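Summary of structural features
Residues per chain, in single letters:
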Amino acid sequence: MAMPPLDAGVLARRDEIVAALRAIVPGEGVIATSREMRPYESDGLTAYRQLPLVVVLPSTTEQVSRVLRYCHQAGVKVVPRGAGTSLSGGALPVGDGVLLGMGKFNRIRAIDYENRLAVVEPGVTNLAITRAVEKSGFYYAPDPSSQIACTIGGNIAENAGGVHCLKYGLTTNNVLGCEMVLPDGDVIRLGGGHLDAGGYDLLGVVTGSEGLLGVVTEVTVRILPKPETARALLIGFDTAEAAGDCVAKIIGAGIIPGGMEMMDRMTTAAVEDFVHAGYPLDVEAILIVELDGPSAEVDHLIERVSEIARGCGARNLRASTSEAERLLFWAGRKAAFSAVGRISPDYYCMDGTIPRAKLATVLHRTRELSEHYGLRCGNVFHAGDGNLHPLILYDANDPDQLARAEAFGADILRLCVEVGGVLTGEHGVGVEKRDLMPSMFSELDLEQQRRLKRAFDGKELLNPGKVFPLLSSCAEQGRMHVSGGQTAFPDIPRF
């Protein structure tokens, strides 16, 4: 994976930079030895690793501001990091940059039940918000599978979703405001405890910006009352195409489940062996459909969804009869990534989104690609909104398998775009999908996005090498013309 070239001048000033940062964040707030920095060399996309120049662990907004101001003035790159659960390499360090760890920002500052909001620091885990408010009958809706570990700051960076995003929205639909430190050290506030803010929707710009625009130090999130009733249906089908047809017909009937997830046969078997949730093992695909709301409404929707499923050829159909059983259904789905890790040395988790009507086509093409590359692929995804998570199984000790896994994954993502979808649903672009961006965006599209980036970060020091293809300057995108065999401005370095 190519990254921007290292700045020799910054590397030569390493001791000076480390000393300056220790003056800002004293004590154990700066980590500078190779051995101690090793845990920060990668995020959840472990295929790519790089030690940072130095790791800094601030604990206050003032320290974050001073670190960013110093780095801005000194021309030093900065990579923000939350819990490091990113699956797209969004927190991959650079060798000539500061790794800014936000793990010490782990307090819940305020809970306001009357206004249905909580004010938290970015290092608070996703699940911790629900745990803090559940005794009062509330919860935080976005629930990615890594919610026990991933932090709200990282959720904002990647606009994380989860199994309940179909009905309750992604992170962007559940964040009301934030405090953010700009690359030059200035501190701004976007949104707040109110539902709508005037002016440009900068909060919407920041959510999903992958740490390229600033560092979030405080977040105001929406909390919701827990539904009166929630029940889950476990449905098995003889083909993945039949399961996909059922998904489309449920949505087409005007039913919006609280969650609707799908797993193929290989993934289901791995999960059942791990969690023992009672999944049927003689079907090609299973759907988990959750209905929530008043009891009478849920009972009615269970009947309607069951009727639709039978019409689509469901072989197995079972409705949860207790809260424990409902949670067990979901425990298997949320453990899918971990369970697949038991049947393969390594796996490459993809993330693309397609129109629901194209589900059968994409699954068929994915099976063909699996045969072409000689690698197994398990499918688990948010079926309701078409967010796919193919799991490509490989052995990282075999360089050829890694290369084939990367090529396989790239073809899946190109396929998503080809059928009218997008490169990412919730994992972000990071470095994983960076060089595929031209398959979805035109040269003009990418340049407008870069202009927005430069409006916040004129020196382009924050999280470099992510999202935008490296060869995306004027010369490489074709606006630098060659005339008579001579390149204009030949003295300008090119890479």
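What counts and how
- Residues numbered from 1 in each chain as written.
- Predicted model: local features only at pLDDT ≥ 70, side-chain atom pairs only at ≥ 80, totals over all residues.
- Heavy atoms only, no water.
- Helix = DSSP H or I, 4+ residues; strand = E, 2+ residues; numbered from the N terminus.
- Rg over C-alpha atoms; globule rule 2.2 N^0.38 Å.
- Contact = heavy atoms within 4.5 Å.
- Areas by Shrake-Rupley, 256 points an atom, 1.4 Å probe, with all protein chains shown as cover.
- Lys, Arg positive; Asp, Glu negative; His and termini not counted.
- Charge placed at Lys NZ, Arg CZ, Asp CG, Glu CD.
- Buried < 20%, exposed > 50% of the residue type's maximum accessible area, 1.4 Å probe, protein only.
- Pairing = 2+ DSSP bridges.
- Expected span 1.5 Å × (residues − 1).
- Arc of directions from axis to C-beta.
- Salt bridge = Lys/Arg side-chain N within 4 Å of Asp/Glu carboxyl O.
- Phe/Tyr/Trp six-rings, centres within 6.5 Å; stacked < 30°, edge-to-face > 60°.
- Lys NZ or Arg CZ within 6 Å of the ring centre and 35° of its normal.
- Core = buried A, V, L, I, M, F, W, Y, C linked by side-chain atoms within 4.5 Å.
- pLDDT = per-residue confidence, 0-100.
- Axes fitted to C-alpha atoms, helices over the stretch in contact; angles between N-to-C directions.
- Parallel < 35°, antiparallel > 145°, perpendicular 65-115°, else oblique.
- Left-handed = near helix turned anticlockwise from the far one by under 90°.
- Nonpolar A, V, L, I, M, F, W, Y, C, P; charged D, E, K, R; others polar.

Moving on to the overall build of the chain. Scanning the chain from N- to C-terminus turns up 17 helices and 21 strands. Computed over the C-alpha atoms, the radius of gyration of the chain is 23 Å, within 12% of the 23 Å expected from 2.2 N^0.38 for a compact globule of 495 residues. In terms of its C-alpha atoms, the chain occupies a principal-axis envelope of roughly 70 × 60 × 45 Å. Long-range pairs, those at least 24 residues apart, make up 72% of the contacts in the chain between residues at least 6 apart in sequence. Of the roughly 20800 Å² of accessible surface on the chain, a fraction of 53% belongs to carbon and sulfur atoms. A distance of 2 Å separates the average location of the 48 positive side-chain charges in the chain from that of its 61 negative side-chain charges.

On to the pairing of strand S18 (residues 377–382), then. Burial analysis of S18 places 6 of its 6 residues in the buried class, which makes it a mostly covered element. Side chains Cys377, Asn379 and Phe381 project from S18 onto one buried face, and the interleaved Gly378, Val380 and His382 project onto a second face that is buried too. Summarising the sheet, strand S13 (residues 259–264) and S18 pair through 3 bridges and their orientation is antiparallel. Across the sheet, the residue bridging to Met262 is Phe381, located in S18.

Attention shifts here to helix H16 (residues 443–456). Taking 1.5 Å of rise per residue, the 14 residues of H16 would be expected to cover 20 Å, and the 21 Å separating its terminal C-alpha atoms lies within 8% of that figure. Along H16, the residues classified as buried are Leu446, Glu447, Arg450, Lys453 and Phe456.

At 3.6 residues per turn, the α-helix brings residues three or four places apart onto the same side. In a regular helix each residue adds 1.5 Å, so 12 residues correspond to 16 Å; helix H12 (residues 323–334) covers 16 Å between its end C-alpha atoms and thus fits that length. Along H12, the residues that are buried comprise Glu325, Arg326, Phe329, Trp330, Gly332 and Arg333. Mapping the buried residues of H12 onto a view down its axis gives an arc of 155 degrees, with all of them on the same face.

One pass over the full model with this rule turns up 34 salt bridges. One salt bridge connects Glu41 with Arg49, and the closest N-O pair in it is separated by 3.1 Å. For Glu41, a relative accessible area of 12% puts it in the buried group. Shared partners join several salt bridges into a network, and the residues in it are Arg107, Arg109, Glu121, Glu179, Arg189 and Glu218.

As a further point, take the packing of aromatic side chains. Taken as a whole and judged by the stated rule, the model has 4 aromatic pairs. Relative to Phe138, the ring of Tyr113 lies with its centre 5.2 Å away and its plane at 40 degrees, an arrangement referred to as tilted. Taken as a pair, Tyr113 in the loop between strand S5 (108–112) and strand S6 (117–120) and Phe138 in strand S7 (residues 138–139) lie far apart in primary sequence, 25 residues in all. Judged by relative accessible area, which is 30%, Tyr113 ranks as partly exposed. Residue Phe138 is classed as buried on the basis of its relative accessible area, which comes to 13%. Measuring from ring centre to ring centre gives 6.3 Å for Tyr139 and Tyr168, while their planes differ by 85 degrees; the resulting arrangement is edge-to-face. Of this pair, Tyr139 sits in strand S7 while Tyr168 sits in helix H7 (residues 165–168); the two residues are 29 residues apart in sequence, bridging distant segments of the chain. By relative accessible area, Tyr168 is classed as partly exposed at 22%. The positively charged end of Arg450 is found above the aromatic ring belonging to Phe468, 5.3 Å away from the centroid.

What follows deals with the nonpolar core. The biggest cluster of nonpolar side chains holds 82 residues, and the ones touching the most others in it are Phe237, Met262, Leu287, Val289, Leu291 and Ile392. The leading source of residues in this core is helix H15 (residues 399–418), at 8 residues. Counting 26 residues, the second-largest nonpolar core is a separate cluster that includes Val67, Tyr70, Met102 and Val215.

Residues other than glycine seldom take positive phi values, yet Glu460 does so here, at roughly 55 degrees. Relative to the helices and strands, Glu460 resides in the loop between H16 and helix H17 (474–477). One non-glycine residue, Asn463, lies in the positive phi region at around 50 degrees. With respect to the secondary-structure elements, Asn463 resides in the loop between H16 and H17. According to the relative accessible area criterion, Asn463 is buried, its value standing at 2%.

Turning our eyes to something else, we now look at the confidence of the model for the chain. In the predicted model, the chain carries a mean pLDDT of 92, and the fraction of residues at 70 or more is 95%. Per-residue pLDDT stays below 50 along residues 472–495; that stretch engages in 22 contacts with residues further than four places along the chain or on separate chains.

A few words now on the sheet that holds S5. With antiparallel pairing, the 5 strands of this open sheet are ordered in space as S5-S6-S10-S8-S9. Two strands close off the open sheet at either side, each with one partner strand: S5 and strand S9 (187–191). The mean inter-strand angle of the sheet, taken between neighbouring strand axes irrespective of direction, is 10 degrees. By the bridge criterion, 6 bridges tie strand S8 (residues 175–181) to strand S10 (residues 215–222) in an arrangement that is antiparallel. Within S10, the residue paired with Gly177 across the bridge is Thr220. The sheet strands contacting helix H5 (residues 126–133) are S5, S6 and S10, and the helix crosses S5 at an angle near 45 degrees.

Glancing now at the packing of helix H9 (residues 240–252) against helix H14 (residues 359–373). Relative orientation of the contacting elements H9 and H14 amounts to 155 degrees, with a least axis distance of 8 Å. Considering the angle they form, H9 stands roughly antiparallel to H14. H14 is crossed by H9, and the crossing has right-handed handedness. Mapping the contact onto sequence places Ala240, Glu241 and Gly244 in H9 and Leu359, Ala360, Leu363, His364 and Arg367 in H14. When its residues are assigned to classes, the contact of H9 with H14 shows 4 nonpolar, 2 polar and 2 charged.

What follows deals with the sheet that holds strand S1 (residues 30–31). Strand order in the open sheet formed by 4 strands is S1-S2-S4-S3, with mixed pairing between adjacent strands. Either end of the sheet is taken by a strand with one partner, and the two such strands are S1 and strand S3 (77–81). Where strand S2 (residues 54–56) meets strand S4 (residues 97–101), 3 bridges bridge the pair, whose relative direction is parallel. Bridging from a neighbouring strand, Val56 pairs with Leu100 of S4. Strands S2, S3 and S4 of the sheet are contacted by helix H4 (residues 61–74), whose axis makes an angle of about 170 degrees with S4.

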